[in-house]
Structure formats: C-alpha cells, structure tokens
Amino acid sequence: MTSDLLSTEIQRAVLVVRMTRAQKRNALSDGLMLALRNCFENLPEQVRAAVIVGDGEHFCAGLDLAELRERDAAQGMHHSRMWHTALDAIARGPVPVVAALQGAVVGGGLELACACHLRVADETTFYALPEGSRGIFVGGGGSVRLPRLIGVARMTDMMLTGRVYGAAEGERAGFAQYLVAAGTAQTKAIELAERIAQNAPLTNFALVQALPRIVEQAADHGLFTESLMAAIAQSSAEAKSLLHAFLEGRSARLREEG
Ligand code: 1HE
C-alpha cells in the first residue's frame, strides 16, 4: 500500500510502515494519524512484527501545526481521543512494533515513538516536547507513556524549559533501547523485528498485551496474571518445539552482543 502519507511493505513476516511526508518532516496530520490507525487495526495475518520508519532526515515533527486551528474544549478532547485510539492500535495491537528514529522525534512524534515497543535511534536523533513553548500540552498519550520510559522529572523539565536531548544522552535517559550509527536505524530496526517475528506468537502477545498491564497491577494481582500468562504460553505448540530444540542442542546459546 502506498499513499502520500504512508506506505507499507511486507518483508517476510515483518510489516514496514513508512511515513512518507518528508517535505513536512512527517508531521502528524489527522490524515496520517488515521492512516496509521487503519494500518495497525488491519494487519495482514502473516505479519508477526512491525517497524515504523519515517522518510527523510527526521522521524517526525509532531502534530501538524497547520491543522491546529482554534478548537473548543469538546473538539480538543475529541482530537486527543482520536490520537489515543490510533496510538493504542499500535501499543496494544497484536504484534510488537519497533520504531526507527532519526533527526527530530518531537512532540507528537515522541508520543508515536513511545507507543512502539522498542526504539532504535541513530546518532542524528534528538528528542523534545515543544508543546511547553507552544502553549499547549501533550495529547497523544505522552503524559502516560513517556514518564514510564524516562521518569516524571525529565518530562517535566523538557516541557518547562524546552530541553532537547541528543541521541547519546537520550539513550542513557531511556528514550531508546539501541543507539546506532547515522543512517542505520531502519536497517537495525528491521533486523530486530525479523528476530522478534521468530519468537513464539504467544510470547510476543504476552509482552505486548500482558506485561504493560501487569506493571500497572498491584503486586499480588500482577503475580497472578503472570502465572496465568505463563501457563498459557508454555502450553503452546511453539513453546514445546522451542524447548525441545534447546534440550536437543539445536538452538543458539546465549551470548552478549557487541
Ligand atoms: C511542519 C511541522 C509541523 C515542520 N507541523 N508543518 N512540533 C513542533 O513544534 C516541531 C516543529 N518543527 C520543527 O521544529 C522543525 O521543522 C524540525 C526541527 C522538525 C525540522 O527542521 P527543518 O529545518 O529540517 O525543516 P523546516 O524548514 O522547519 O520545515 C520544513 C517544512 O515542514 C516546512 O513547510 P514548508 O511548506 O515551509 O516547506 C514546515 O512548516 C513544515 N513542518 N514541522 C506542520 N509540526 C497531540 S498533541 C501533540 C502536540 C505536538 O506535537 S506539539 C509539537 C509540534
């Protein structure tokens, strides 16, 4: 599928979702948000992991400011809820999603990155929340998802002072899990997604659907949910065949990666 907003391509079991608005730095117009929602709500059955990438030098410049017209409170509420639905389709969808970051990952672009399950950033990446200086507030789930990655104090600082985090500092702060050479984030993200796609589907499901809920539960409930999920996952045919492969010496041994 290709449009002037989004293109998608299946590479083996990985869906590569590409924002194609480089001339507007992949700013998130309503059309682009709805295209993302539609894409993740209708994943083809053979897709077992996805990658979100942005064309050009910047992953995403956030909300399309050209569309930020005067809204009353009700319209503002509906707009924010539309973003929540679209980004929830990514965060709580059926498969893990990896974001490949370069250049600006700002405002709503950072909220989009936070809705993914892993973030790979190249050395050109920078993170900011310009909402603070534009007289607005995050509205795409940033206040829920970002503090879980970097902590409340860092997010508060970014919005109050306009602080911009570079790639290396950003990785240390928890924005991204991988920091790679300039121009290589997309390759690395696809490589990770291909590896993720080989996991047992129920394990991936547990990580996308169960883990985020468990961390929000009281410990006793979390432990109970964990037991349920573990029991279901271990009973799957894929789990049994992966265990046999290990016991028969047919699977790779763990080692630290460079
Ligand atoms: C845009 C947008 C946009 C670029 N909406 N059109 N986001 C921001 O406050 C970030 C605003 N953007 C920037 O700071 C810069 O554009 C960048 C650092 C991302 C890139 O700089 P640069 O020099 O490569 O590009 P540029 O010349 O600034 O922009 C190129 C074009 O993209 C230009 O349009 P043109 O028609 O003049 O070519 C820009 O107007 C356009 N463009 N960013 C609309 N964001 C649910 S709440 C979420 C709230 C937020 O996300 S607030 C944060 C908004």
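Note that the structure is a prediction, hence the values are computed from the model and not measured.

Rules of the game
- Residues numbered from 1 in each chain as written.
- Predicted model: local features only at pLDDT ≥ 70, side-chain atom pairs only at ≥ 80, totals over all residues.
- Heavy atoms only, no water.
- Helix = DSSP H or I, 4+ residues; strand = E, 2+ residues; numbered from the N terminus.
- Buried < 20%, exposed > 50% of the residue type's maximum accessible area, 1.4 Å probe, protein only.
- Contact = heavy atoms within 4.5 Å.
- Areas by Shrake-Rupley, 256 points an atom, 1.4 Å probe, with all protein chains shown as cover.
- Salt bridge = Lys/Arg side-chain N within 4 Å of Asp/Glu carboxyl O.
- Domains from an automatic or database assignment.
- Buried area = accessible area lost by both parts, 1.4 Å probe.
- Near = heavy atom within 4 Å.
- Polar contact = N/O pair within 3.5 Å; in protein donor to acceptor, adjacent residues only side chain to side chain.
- Axes fitted to C-alpha atoms, helices over the stretch in contact; angles between N-to-C directions.
- Parallel < 35°, antiparallel > 145°, perpendicular 65-115°, else oblique.
- Left-handed = near helix turned anticlockwise from the far one by under 90°.
- 1 Å grid on protein atoms, 1.4 Å probe; cavity = no way out; pocket = protein on both sides within 12 Å on 5 of 7 lines; lining within 4 Å.
- Points joined across faces, edges and corners; volume = space filled by probe spheres on them.
- Pairing = 2+ DSSP bridges.
- Expected span 1.5 Å × (residues − 1).
- Arc of directions from axis to C-beta.

## Re the overall build of the protein chain
Per the secondary structure count, the protein chain includes 10 helices and 9 strands. When the backbone C-alpha atoms are referred to their principal axes, the protein chain occupies close to 60 × 40 × 35 Å. Split into buried and exposed, the 258 residues of the protein chain put 45% on the buried side. Taking contacts inside the protein chain between residues at least 6 apart in sequence as the whole, the part at least 24 apart equals 69%. As displayed, the protein chain offers around 13,500 Å² of accessible surface, 55% of which is attributable to carbon and sulfur atoms.

## Description of the pattern of salt bridges
Counted under the stated rule, the structure contains 10 salt bridges. One salt bridge in this structure joins D64 and R21, with 2.9 Å as the shortest N-O distance. Of this pair, D64 sits in the loop between β3 (49-54) and α2 (73-91) while R21 sits in the loop between β2 (14-19) and α1 (30-41), and the two are 43 residues apart along the sequence. The pair formed by D64 and R21 is uniform in burial state, with each residue classed as buried.

## A word on the domain arrangement of the protein chain
Segmenting the protein chain into domains produces domain 1 (6-197) and domain 2 (201-247). Centre-to-centre, using C-alpha coordinates, domain 1 lies 27 Å away from domain 2. Each partner contributes residues to the interface: domain 1 has 9 residues there, and domain 2 has 7 residues. Across the domain 1 to domain 2 interface the summed buried area is about 750 Å²; carbon plus sulfur atoms make up 45%. Here domain 1 is connected to domain 2 by 1 salt bridge.

## Here's the deal with the site of the ligand
The full set close to the ligand counts 22 residues, and K24, A61, L65, G108 and R134 are the nearest of them. In this structure, an oxygen atom belonging to the ligand sits 2.5 Å away from a side-chain N or O atom of K24. In the environment of the ligand, an oxygen atom lies 3.2 Å from a nitrogen or oxygen atom belonging to the side chain of H58. Against a free-state accessible area of 1,000 Å², the protein chains account for coverage of 66% of the ligand.

## Let's talk about the packing of helix α3 (residues 108-115) against helix α4 (residues 142-150)
At a closest axis distance of 9 Å, the pairing of α3 and α4 adopts a crossing angle of 65 degrees. Relative to α4, the element α3 is oriented roughly perpendicular. Classified by chirality, the crossing of α4 by α3 is left-handed. Touching L110, E111, C114 and A115 of α3 are G142, R145, L146 and L149, all from α4.

## Details of the layout of surface pockets
Reported here for the largest pocket is a volume of approximately 940 Å³. For the largest pocket, the lining is made up of 38 residues, of which C114, A115, C116, H117 and P212 are closest to its centre. Elements that contribute at least two residues to the lining of the largest pocket include exactly α2, α3, β6 (118-122), α4, α7 (185-197) and α8 (201-214). At 6 residues, α4 tops the list of elements feeding residues into the lining of the largest pocket.

## Digging into the sheet that holds strand β7 (residues 126-128)
Read from one edge to the other, the open sheet built from 3 strands follows the order β5-β7-β8, with strand pairing classed as mixed. Here the strands that pair on one side only, and so sit at the sheet edges, are β5 (104-106) and β8 (165-166). Packed onto the sheet, α3 meets β5 and β7 and runs at close to 90 degrees relative to β5.

## A closer look at helix α9 (residues 219-234)
The terminal C-alpha atoms of α9 lie 22 Å apart, and with 16 residues this matches the ideal 22 Å at 1.5 Å per residue to within 8%. Taken as a whole, α9 has its buried residues at G222, M229 and A233. Along the axis of α9, the buried positions cluster into a sector of 35 degrees, meaning they face one direction only. Residues of α9 that are exposed and point over 90 degrees away from its buried face: D220, L223, F224 and Q234. Residues of α9 that are buried in the fold lie against α8 and α10 (237-247).

## Focus on the side chain of N204
Structurally, N204 is set in helix α8. Looking at N204, its side chain comes within polar contact range of the side chain of N199, at 3.0 Å. Setting aside residues up to four positions removed in sequence, N204 forms contacts with R48, P96, I196 and N199.

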